[in-house]
Amino acid sequence: MTAEPVTTDQSALTEDDVRRIVKEELGTALRKDTGMRTGAIVASKGTLDWAYPPLILANAAAAVGMQVSVFFTFYGLNIVHKEFERKLKVDPVGNPAMPMPVPMPDLVTAMPGMVSVASRMMKKKFADKKVSSIGELIETAREMDVRLIACQMTVDVFGYEQSDFLDGVEFGGAAAFMAEARKSNLTLFV
Amino acid sequence: MSETTEDVLVDARELMCPMPVMAATKAARRMEPGQILKVMATDKGALSDIPAWAEANGHEVVEQETVGTDLVFFIRTGTPD
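> Can you tell me about the sheet that holds strand β2 (residues 36–41) of chain B, naming the residues and giving the values?
Residues and elements named next belong to chain B. Spatially, four strands are ordered β1-β2-β4-β3 in an open sheet, and the strand pairing comes out mixed. The open sheet has two edge strands, β1 (8–12) and β3 (60–67), and neither has a second partner. Direction aside, the axes of adjacent strands within the sheet are offset by 15 degrees on average. Pairing between β1 and β2: five bridges, direction parallel. Its bridge partner being in β2, alanine 12 is matched across the sheet by alanine 41. Contacts between helix α2 (residues 46–56) and the sheet are confined to β2, β3 and β4 (70–76), with β4 contributing the most and set at about 5 degrees to the helix.

Given below as structure tokens:
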């Protein structure tokens, strides 16, 4: 049995109608494209300043409708460690871009205790400007169903246990991450 | 001031990127298609973020105004694909 051919009154469709219909259909099809809806981010750094970009971008990607996975590897593991508050610090040494309240010679910034001073300063500055804390960004990411994946190899190398990490963190290898990443138009290495 | 009335209000004033869109996302997920979401923000990034977020999710910014330092958006929620 063959379906009845669909007959439409060709004269009733203007060129504008056709353009609009094609645009709508294309838009719908593109929104359903897996590549456009999937994102894969690698978080490889373990300092307070570098913890922000992967989390902010993961949240923003989830907000625009993407399924996002963040792969935490090497020092990036600090971000999803239960003690991330204590572990994430910022060091003015070797970071000439870091703004100082007063100009300071490198020798001063290298003094003991400066790392915790700088870390406290940065947290306060961010809090004053109402920038979310790392904890808030992680919590929002989880609410958005962002997958947080810790690299099993570096977990072992650093002598961590799976129980050292936040609840909901998954564990996986590079190949498992790549299997996800190959489907994504968006892949970022931070 | 706008005459539009909203079904849901998200007050994201004082919040910084990406939190205004995160708050809008959470609200929109609980809404029916065709309802009006009002988002208030003070982060100037919202001027580009909220319309981009709306477009990506099939929502429509039907009205936008600036009241003092407040950026106000009225968004008609779209149909989830």
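The discussion continues.
> Give me the sheet that holds strand β3 (residues 147–151) of chain A: which residues, what numbers.
Residue and element names in this part refer to chain A. Reading across the sheet, the five strands line up as β4-β3-β2-β1-β5 and stay open at both edges, with parallel pairing between neighbours. Two strands bound the open sheet, and with one partner strand each, they are β4 (170–172) and β5 (186–189). Across this sheet, the average inter-strand angle for adjacent strands is 25 degrees, counted without regard to direction. Where β3 lies against β4, three bridges are found, and the strand directions are parallel. In the strand pairing of β4, isoleucine 149 is matched with glutamate 170.

Reading guide: rules and limits
- Residues numbered from 1 in each chain as written.
- Chains lettered and ligands numbered in written order.
- Predicted model: local features only at pLDDT ≥ 70, side-chain atom pairs only at ≥ 80, totals over all residues.
- Heavy atoms only, no water.
- Pairing = 2+ DSSP bridges.
- Helix = DSSP H or I, 4+ residues; strand = E, 2+ residues; numbered from the N terminus.
- Axes fitted to C-alpha atoms, helices over the stretch in contact; angles between N-to-C directions.
- Contact = heavy atoms within 4.5 Å.

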